[in-house]
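The chain contents come next:
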Amino acid sequence: MQFLRKIFKLPKKDSKLPPSVNATSFLFKKKYSGFRQILSTNSELLKVISDIEEKLRGDQMFGMTYLFEKKRQILALSEKMVDSFSDLSEKPQPILKNKISEIREKLNGLIQFRKGLKDIEFVIPYEQTSKEMIDWIGGKNANLGELVSKAGLPAPGGFAITTSAYEAFMDENDIRNTIVKMIPDSEDIGYQEIIQASNKVQRLFDESRVPPKVSEAIFNAYKNLAGSRFDGPDAPKVALRSSAIGEDSDLSFAGQYLSILNVGPESLIDSYKHVLSSLFSPRAIFYRLQKGVPIEATAMAVACMEMVRSKASGVMYTHHPYNILENTIIINAVWGLGKYAVDGIVTPDTYTLSKETQPELLGVRIHLKPIRLVHAQSGGVVEEAVEPHLQARSCLTDDQAKALADFAVRIERHFQRPQDIEWAIDDQNRIFILQSRPLKFGVQPATPFDEKEDDQEIQGYSILLKGGETAYPGVGSGPAVMVQNDEDLMNFPDDGILIAKSPSPKFVAIMKKARAIVTDSGSITGHMASLAREFMVPALLNTHHATRIIRAGDILTVDAYSRKVYAGRVSELIGMQLTKGVFMMDSPVFHLLKKSAEMIVPLTLTDPKTPEFTPQGCRTIHDIMRFLHENAYREMFQISDLATDSGRISVKLEEPNIPLDLYIIDLGGGLVPETTGIRKVKVNQISSIPFEAVLKGMLREDLSSLEPRPVSLGGFLSVVTRQILTPQNLESERFGDKSYAIISDKYLNFSSRVGYHYSIIDAYCGETETNNYINFEFKGGAADDTRRNRRTRMISSILLHFGFSTEVVADRVTARIHKRSALDILEFLDQLGRLILFTRQMDMLMHTDESVSSMTDCFLHQDYCLKRHT
């Protein structure tokens, strides 16, 4: 029995003294803080890159201000990510710092503001404005100017009050620095504090005056607009609408700024000042803080246009907003001002017209319209009842609907992409176009198998999947190709549809071949989603069921617009992709964006296993992000090595049904507050979401109640023989009896040591899917190499079933899954908790190669008593 005692004896304790409690606790929290910062910064950078990719399609208006802001964001965030990784790894990153400095120098050489920004005129008539002036007049004014000066469409008279006038107002009153000091600069600030700051700024604006030279320019422009009516009772009323820099572009600022309708000449300057001050309304301040836009990067231009005495008005789309097949014009109309249509106060009449040189009316739906919004004689707007005989009457004649549709076709042709258009008809039946903006298609995330989408189905075809998230819209048709490993990528055929459990940057290798990509998990802000947009591959992510429902070789048609996968080739869909616009592609600012993007967007580091996956191999900002993101996981995976020196900062878990000597280190939020200062905790005092999931799996009654497993004589002798022949090596593999869980509310690093078996779970589980992941490692065993390897292969087989990527080397298995929903992550952690207990003493039972599949089958069928095992 001497050799049996020798097998199970405890290792010698390290004679070194542990560091102080405070120092160790600080080290854990510092590493975790750096790790969370890396995840957060990576997500923000991916959003910026995604937006740049959208602009590179050429169908959205932007100016030099956009390039400056994106350059600032990209460089600041990438430096922040490098610094966070240095904190996490405790290693400086001079190579990456130099890479960013080189990119900064090149970007600075490209992106330079044109001279004379403040010297531009205070007011510019719409007949003289265009998209090239967006930096001075904002997106709303630039769109209106294009309609008037380039497209020759009927629009109300008006002019743009430029950012130069705003700058003059700020300089005249010397309030810029005062405002910067008043406005909080942290997104964590309370909303009440934001309201207080906004009120102070509003008072500051009220007490300030518009410079006489600006007032004079505005009045002169208004006089030119009014003409002979200026001094009479019919002096025109105008609408003053915000046209802030960045509004109606990459950041919508939807509803954040002020519009004032039906303004007379006596209120013109005060109303202008109110629109300027809305730049600092509470919701606008909060929005900018959340988006990371500094005050210094903001400026307000204003649109001033004559009010149309609307008999009827509304909105029209030049394409169906979510159904790709329905390439028609849709017009909504109400009596009076169109605000009641867009705000949903009144159900509008709906007209559907063909999209031809001479549009034809295809359908009309008339609704009851009992009220309307109209101009008040003294200024402003009022609600009034609609005459009874008009309430159920069509707002438009057939000819008016066709005339509007004709304008819609011309506007879309000018902007070279579908448009969302505001229009009005006055009391003389004249049509006016009030605004046009890019139409945002309804490809927002939907729940799988959403019944609301039934009306968009193509009849006569079987739908395999509904729902998911569109990373890049479009249609692709071809055979399904299941991709699970590198070999599958190497053999990927031309025109295949890639089907995978989760997205991977490695898929870049086949993006020129693939017709579409469909994955079970993933997010539109992930690395692969960015690649799909860069290569313009239709991609549908987070479908949940693709790999279970679709079979290899199936012919599919993927509609990433309406988020459906059809069986077979759907002739009605193939070739129906919308033409990509080139509206901005002939502009100098677009060429600058394209050159700048070459240093930012491409991802060349896609496989961490290659020799090029180093700081030296990073060529772009995206490469730097990918390198840091990958290695951050590795750093956190190794944090458990510090746990054995944790000293008194840990507390012991008291749970008789878990056969581990388990200690917990709380980084913050991992234990309920009542545990402060105590040395022992129970399971119900744990509040760490991922740790709770693991413990749930370990505490399953059918696992915790298991008796010791029967051990075959061969398996037992394998342990004994290995101990006798290699005592020294086995001693070095003995990991000790203490296990540690380093936790926070959403994070877990769990190192469990059971006899000669050692496993680590490193996981993060939160609301942001792109941040979620699980890293897992299992090593060890007391039997011979063959039996230990069989058990490792069995563990790998189980994890592959759940979608993990795995690697087996000798008796070690490493596995990873990431970018999955919180529900998925919790389910996988539950399974890992079961697996840790299920695999105890397992190497002694792995007496043949058939045991690998037999044990796998037992686990997957929850047969933890091994009744299926032979």
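S.K.: Can you tell me about the environment of N772, naming the residues and giving the values?
M.R.: Tracing the backbone through its elements, the reader meets N772 in the loop between β27 (757-764) and β28 (773-780). Expressed as a C-alpha distance, the spacing of N772 and K746, which sit 26 residues apart in the sequence, is 9.4 Å. Excluding anything up to four places from it in sequence, N772 contacts Y764, C765, G766, H818, K819, R820, S821, A822 and I825. A polar side-chain atom of N772 sits 2.7 Å from the main-chain amide nitrogen of G766. A polar atom in the side chain of N772 sits 3.1 Å from the backbone oxygen of R820.

S.K.: Explain the confidence of the model for the protein chain residue by residue, including any values.
M.R.: In this model, the protein chain carries an average pLDDT of 81, and 81% of its residues clear a pLDDT of 70 or more. In this model residues 442-455 is a low-confidence stretch, pLDDT under 50, and it forms 35 contacts with partners more than four residues away in sequence or in other chains.

S.K.: For the pattern of salt bridges, give the residues involved together with the corresponding values.
M.R.: On inspection of all chains with the given rule, the structure shows 30 salt bridges. Here K150 makes a salt bridge to E146, at a shortest N to O gap of 3.7 Å. Of the two residues, K150 and E146 are both situated in helix α5 (residues 134-150); the distance of four residues between them amounts to about one turn of the helix. Its relative accessible area of 1% is what places E146 among the buried residues. A salt bridge links D702 to R700; its shortest N-O distance comes to 2.9 Å. The partly exposed category is assigned to D702, whose relative accessible area is 28%. Among the residues examined, R700 registers a relative accessible area of 21% and is labelled partly exposed.

S.K.: Tell me about the nonpolar core, residues and numbers included.
M.R.: Within the largest apolar cluster, 105 residues are counted, with the highest numbers of intra-cluster contacts made by F35, I331, L396 and W423. Not counting the four nearest positions on each side in its chain, I331 is found in contact with V315, M316, D349, T350, Y351, L353, L396, A401, L404, A405 and W423. Counting residues in hydrophobic clusters, the runner-up holds 50 residues, among them A693, A741, C765 and F778.

S.K.: Go over helix α25 (residues 822-838) with me, naming the residues and quoting the values.
M.R.: Between its first and last C-alpha atoms α25 spans 24 Å; for 17 residues at 1.5 Å apiece the expected length is 24 Å, and the two agree. Where burial is concerned, most of α25 is hidden: 13 out of the 17 residues are buried.

S.K.: Break down unusual backbone geometry for me, with residues and values.
M.R.: Phi at Q416 is positive, roughly 60°, even though this residue is not glycine. Along the polypeptide, Q416 turns up in the loop between α14 (398-415) and β12 (419-426). A positive phi is found at R563, a non-glycine position, where the angle reads about 60°. With respect to the helices and strands, the residue R563 is situated in the loop between β20 (555-559) and β21 (564-567). Classification of R563 by relative accessible area gives buried; the value is 7%.

S.K.: Explain the packing of aromatic side chains to me, using residue names and the numbers behind them.
M.R.: For the structure shown, the criterion picks out 14 aromatic pairs. With a centroid separation of 5.7 Å and 40° between ring planes, the pair formed by F613 and F627 is classed as tilted. Of this pair, F613 sits in the loop between α18 (588-597) and α19 (621-637) while F627 sits in helix α19, and the two are 14 residues apart along the sequence. Accessibility expressed as a relative area gives 8% for F627, which makes it buried.

Thresholds, definitions, all that
- Residues numbered from 1 in each chain as written.
- Predicted model: local features only at pLDDT ≥ 70, side-chain atom pairs only at ≥ 80, totals over all residues.
- Heavy atoms only, no water.
- Helix = DSSP H or I, 4+ residues; strand = E, 2+ residues; numbered from the N terminus.
- Contact = heavy atoms within 4.5 Å.
- Polar contact = N/O pair within 3.5 Å; in protein donor to acceptor, adjacent residues only side chain to side chain.
- pLDDT = per-residue confidence, 0-100.
- Salt bridge = Lys/Arg side-chain N within 4 Å of Asp/Glu carboxyl O.
- Buried < 20%, exposed > 50% of the residue type's maximum accessible area, 1.4 Å probe, protein only.
- Core = buried A, V, L, I, M, F, W, Y, C linked by side-chain atoms within 4.5 Å.
- Expected span 1.5 Å × (residues − 1).
- Phe/Tyr/Trp six-rings, centres within 6.5 Å; stacked < 30°, edge-to-face > 60°.

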